[in-house]
Amino acid sequence: MRKILLSLAFLPVLAAPPAEAAPSPKWTVPCPDYGLSPSPTAGLECATLRVPLDYAHPERTIELTLSRRAGVPGKRRGVLLMNPGGPGSPGLAMPAQLARRMGGSGLPDAYDVIGFDPRGTGYSTPVTCDLTPEPRGAVLGPYAEGPRDVAATAAKARAVARQCATASTKDLLPHMTTANTARDLDRIREALGEEKISYYGVSYGSYLGAAYASMFPGRGYRIVLDSVLGPGGLDYRAQLRFAEGFDDRFPDFAAWAARRDDGYHLGRTEAAVTAKFFALAAARGPGFRAGTWNALYDDALFPVLAADWAGTARAAGGPLDGDNHAALQLQVLCNDSDWPGRIGTYQLVVERERRRHPMFGPAAANVNPCAFWPAGRAEPAVRVGGPGPANVLLVQNLRDPATPLSGARETRAAFGSRARLVTVDAGGHGVFTRENACGNRLVLGYLRDGVFPAADGPCR
């Protein structure tokens with residue numbers, strides 16, 4: 001039986017044999033475009049970098065693909081690496097996105113802004129589990145109505161785990177971890193010839209940044225963690241928090257829909273909209289709850305969600321609905337943490353969460369392929385925190401459906417005097433570059449101007 005890891009040990013960063021110095025990237029244009037038009041990477045330069053597959057045995061390497069938007073001479077203060085989360089989300093387009101959204105702020109001019117497809121993802125050496133569309137959502141189990149549903153989900157989860165273990169990239173599987181991706185960040189730093197890097201990461205990217213700041217505390221300049229996971233990363237506890245986030249966030253949508261009842265007819269009060277949710281969930285099945293949770297990520301999705309509820313529209317799949325994204329996400333989650341291995345444990349937790357969080361708890365608590373994962377833990381999990389400079393800024397919406405405030409508070413406590421936590425009175429997933437003037441001003445003030453908050457508190 002795989003048990004949840006309760007006591008995390010420091011990761012042995014210095015024990016691995018030294019790898020050869022990383023060569024400087026050779027930047028070329030154009031960048032890969034993910035098959036999209038217009039290209040999301042237009043205007044960027046790209047390069048490849050070889051990094052060890054296993055840093056304890058650096059002789060075998062894999063490839064990372066990097067992107068760059070160069071800073072303005074005379075204004076440049078270093079490099080800013082960016083990560084969009086996931087895990088499994090490609091990041092080459094992030095420098096171009098930052099330039100579009102914050103181009104007039106001076107921030108893109110102050111750094112060489114670096115994006116990258118993390119190991120296993122996209123145009124970096126990719127992994128696969130050879131998943132067909134149906135099991136690609138296996139990271140988060142469907143809403144379970146009872147023990148039989150958990151057992152049925154477990155059978156499918158076991159098959160997905162077996163498929164990952166026998167896929168064509170199975171030899172890469174054990175090395176897809178947050179710790180190794182943090183080491184990749186440091187190899188990028190070295191290849192760029194920088195003593196220190198600044199970093200911005202959102203969602204899972206917050207955990208990657210926390211891991212880097214913990215493993216390499218002297219090599220970070222200005223670190224921003226947005227929409228912050230707890231110090232255990234995307235473990236079973238973080239998965240359970242999805243239901244907490246659903247409860248925090250849903251009232252925002254209910255109030256929005258109630259004000260527009262003349263158009264959508266979902267209820268004239270928040271209570272009526274909530275009752276409509278339960279009625280539709282009973283009629284449409286578990287996929288309805290998952291679709292609602294996904295739409296709570298951003299206010300801009302509320303009209304699509306309301307139209308879906310009203311039966312006048314259906315949300316389409318996104319560009320991250322492929323095998324590579326699902327495979328890398330599973331591999332990182334399952335390799336990073338120990339998950340319960342007994343189906344009975346999930347059945348008990350599902351019933352507990354049904355009482356605590358009836359809207360989404362039995363989905364967040366359901367079993368996933370990590371319970372049957374074939375790869376053993378190669379090393380202890382990263383312990384977030386430890387000594388280092390006071391340079392870690394955490395920014396967090398109060399009503400985040402995926403990374404609720406409780407996780408951010410735990411990561412803040414793990415960093416102690418090294419960190420500040422600033423909260424934003426808003427809902428949704430992601431603070432910076434969104435429609436929130438206070439949050440944008442706060443992050444800009446730190447990354448661009450070096451203004452580190454004197455204390456925790458609300459964004460004013």
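Keep in mind that this is a model prediction, so the values were computed, not measured.

Colleague: Help me out: how do you make sense of the overall build of the protein chain in this one?
Modeller: When its secondary structure is counted, the protein chain shows 15 helices and 9 strands. In summary, the protein chain has a C-alpha radius of gyration of 22 Å against a globular reference of 23 Å for 460 residues, a match within 12%. Referenced to the eigenvectors of the C-alpha coordinate spread, the extents of the protein chain come out at roughly 60 × 50 × 45 Å. In the protein chain, buried positions account for 57% of the 460 residues.

Colleague: Even after reading the chapter, I still don't get the sheet that holds strand β2 (residues 57-69), so can you show me in this structure?
Modeller: In any sheet, the strands associate via hydrogen bonds between backbone groups, in a parallel or an antiparallel arrangement. One open sheet holds the 9 strands; their spatial order is β1-β2-β4-β3-β5-β6-β7-β8-β9, and the pairing between them is mixed. Lying at the two open borders of the sheet, with one neighbouring strand each, are β1 (45-54) and β9 (457-458). As judged from the 7 bridges shared by strand β7 (residues 392-399) and strand β8 (residues 419-427), these two strands associate in the parallel manner. What sits directly across from Leu393, in β8, is Arg420.

Colleague: How should I be thinking about the nonpolar core in this particular structure?
Modeller: Buried together is how nonpolar side chains tend to be arranged in soluble globular proteins. Counting residues in hydrophobic clusters, the biggest one holds 108 residues, and the most contacted among them are Leu225, Phe250, Phe253 and Trp309. Ranked by residue count, the leading element in this core is helix α6 (residues 236-258), at 12 residues. With 26 residues, the next largest nonpolar core counts Met82, Val422, Val424 and Cys459 among its residues.

Colleague: How should the state of the cysteines be read in this particular structure?
Modeller: Two cysteines joined by a covalent bond between their sulfur atoms form a disulfide. Evaluation of the coordinates by the stated rule reveals 4 disulfides. The disulfide that involves Cys438 links it to Cys459, with 2.0 Å between the sulfurs. Disulfide Cys438 to Cys459: torsion about the S-S bond roughly -110°, handedness left-handed. Residue Cys438 is found in helix α15 (residues 437-447), and its partner Cys459 is found in the segment after β9; the two are separated by 21 residues along the sequence. Residue Cys438 is classed as buried on the basis of its relative accessible area, which comes to 16%. Going through the protein chain in sequence order and numbering each bonded cysteine, the pairs you get are 1-2, 3-4, 5-6, 7-8.

Colleague: For this particular structure, what's the right way to read the pairing of β8?
Modeller: The side chains of a regular strand alternate, first on one face of the sheet and then on the other. The element β8 is largely enclosed, with a buried count of 7 among its 9 residues. At this point the chain moves from β7, through helix α14 (residues 405-415), to the parallel β8, and the crossover so formed is right-handed. Summarising the sheet, β8 and β9 pair through 2 bridges and their orientation is parallel. Opposite Thr423, over in β9, you have Pro458 as the bridge partner.

Colleague: How do you make sense of the pattern of salt bridges when you look at a structure like this?
Modeller: This model, assessed by the stated rule, comprises 27 salt bridges. The residue Asp252 makes a salt bridge to Arg249 at a minimum N-O spacing of 2.9 Å. Here the residue Asp252 and the residue Arg249 both occupy positions in helix α6, the gap between them amounting to 3 residues, near one helical turn. The same class applies to Asp252 as to Arg249, namely buried. Between Asp299 and Arg249 there is a salt bridge, with the nearest N and O atoms lying 2.5 Å from each other. Of this pair, Asp299 sits in the loop between α9 (286-295) and α10 (302-310) while Arg249 sits in helix α6; the two residues are 50 residues apart in sequence, bridging distant segments of the chain. A single network of salt bridges, built from pairs that share partners, joins Arg249, Asp252, Asp299, Arg399 and Asp425.

What counts as what
Residues numbered from 1 in each chain as written. Predicted model: local features only at pLDDT ≥ 70, side-chain atom pairs only at ≥ 80, totals over all residues. Heavy atoms only, no water. Helix = DSSP H or I, 4+ residues; strand = E, 2+ residues; numbered from the N terminus. Rg over C-alpha atoms; globule rule 2.2 N^0.38 Å. Buried < 20%, exposed > 50% of the residue type's maximum accessible area, 1.4 Å probe, protein only. Pairing = 2+ DSSP bridges. Core = buried A, V, L, I, M, F, W, Y, C linked by side-chain atoms within 4.5 Å. Disulfide = S-S within 2.5 Å. Right-handed = clockwise from strand over helix to strand, strands pointing away. Salt bridge = Lys/Arg side-chain N within 4 Å of Asp/Glu carboxyl O.

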